[in-house]
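Per-entry structural report
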Amino acid sequence: YSRMFKKAAYLSVILLWTLGISSCSKADMSMLVGEGTAIISGIVSDKNSGTPLKEIKIIYEAYDLRGRLIDTKTSYSSGDGIYTIEATGYTSAINCTLTASGTDNGYSESRIELSIDWNGPSYNSAEGSFVVNDCNFFLTKSAVR
């Protein structure tokens, strides 16, 4: 009985070890060697007219893969509606939320979610940067109360 138990325990350990190696997700394999920088830009415009909107607040929030908030930044759209957010210091995959808040300007709020895994054509490994262009917001004029 003891010999069979030892053999079963040994096989269980080997099986768990094998499963642990093969269960690495893409995010686990995409760890950065150094620190990564996320560069996100886009245009904020009126959904109906297409007119660029200035002074729209863009809130950037970055979360680790467990959902813990690790970074936050704020930017405002320029006179031609363009905004840019640059956040640095990342060493692994992140999920980001960008929220365009136009309520102070009489516009709706809009949210975009991004996953940055430090792979693919948006990732420049030589510079350690992940660039997301055309992350555009189209806001609707709020109803007058």
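The following refers to the structure shown. The shown structure was predicted, so the numbers you read here are calculated from the model rather than taken from an experiment.

To continue, consider the environment of D80. You can see D80 is positioned in the loop between strand 3 (69–76) and strand 4 (82–90). In this structure, the C-alpha to C-alpha distance between D80 and L53, residues 27 residues apart in sequence, is 6.8 Å. Non-local contacts of D80, meaning those with residues more than four positions away in its chain, are made with I43 and P52. Looking at D80, its side chain comes within polar contact range of the side chain of S78, at 2.3 Å.

With that settled, the discussion passes to the pattern of salt bridges. All chains considered together, the criterion is met by 1 salt bridge. Ionic pairing is found between D64 and R68, a salt bridge with its closest N-O pair at 3.2 Å. When its relative accessible area of 14% is taken as the criterion, D64 is described as buried.

Next up on the list: the environment of D134. With respect to the helices, strands and loops of the structure, D134 is situated in the loop between strand 8 (129–132) and strand 9 (137–139). In this structure D134 comes out as exposed when scored by relative accessible area, which is 64%. Taking the C-alpha atoms as reference points, D134 and I43, separated by 91 residues in sequence, lie 7.0 Å from one another.

A few words on the side chain of T97. Locating T97 in the fold gives a position in strand 5 (residues 94–101). Leave out the neighbours within four places in its chain, and T97 touches I59, Y60, E61, Y63, R111, I112 and E113.

A word on the packing of aromatic side chains. Across all of its chains, the model carries 4 aromatic pairs by this definition. For the pair Y83 and F137, a centre-to-centre distance of 5.9 Å together with 50 degrees between the ring planes defines the contact as tilted. Taken together, the positions of Y83 in strand 4 and F137 in strand 9 put the pair 54 residues apart, joining distant regions of the chain. On the basis of relative accessibility, which here comes to 1%, the residue Y83 falls in the buried class. On the accessibility criterion, F137 (1% relative accessible area) is buried. With a centroid separation of 6.3 Å and an interplanar angle of 35 degrees, the aromatic rings of Y90 and W118 are classed as tilted. Of this pair, Y90 sits in strand 4 while W118 sits in the loop between strand 6 (109–116) and strand 7 (123–124); the two residues are 28 residues apart in sequence, bridging distant segments of the chain. With relative accessibility at 5%, the residue Y90 sits in the buried group.

Glancing now at the sheet that holds strand 6. Pairing within the open sheet is antiparallel, and its 4 strands lie in the order 3-2-5-6. Because the sheet does not close on itself, it has two edges, and the strands there are strand 3 and strand 6. Strand-to-strand twist of the sheet, defined as the mean angle between neighbouring strand axes without regard to direction, takes the value 15 degrees.

Turning to the state of the cysteines, a few remarks are in order. Two cysteines, two sulfur atoms, one covalent bond between them: this is a disulfide. Per the stated rule, a full pass over the model turns up 0 disulfides. For C135, which is in no disulfide, the shortest distance to another cysteine sulfur is to C96 and amounts to 9.3 Å. Given a relative accessible area of 5%, C135 falls into the buried group.

Rules of the game
Residues numbered from 1 in each chain as written. Predicted model: local features only at pLDDT ≥ 70, side-chain atom pairs only at ≥ 80, totals over all residues. Heavy atoms only, no water. Helix = DSSP H or I, 4+ residues; strand = E, 2+ residues; numbered from the N terminus. Contact = heavy atoms within 4.5 Å. Polar contact = N/O pair within 3.5 Å; in protein donor to acceptor, adjacent residues only side chain to side chain. Salt bridge = Lys/Arg side-chain N within 4 Å of Asp/Glu carboxyl O. Buried < 20%, exposed > 50% of the residue type's maximum accessible area, 1.4 Å probe, protein only. Phe/Tyr/Trp six-rings, centres within 6.5 Å; stacked < 30°, edge-to-face > 60°. Pairing = 2+ DSSP bridges. Axes fitted to C-alpha atoms, helices over the stretch in contact; angles between N-to-C directions. Disulfide = S-S within 2.5 Å.

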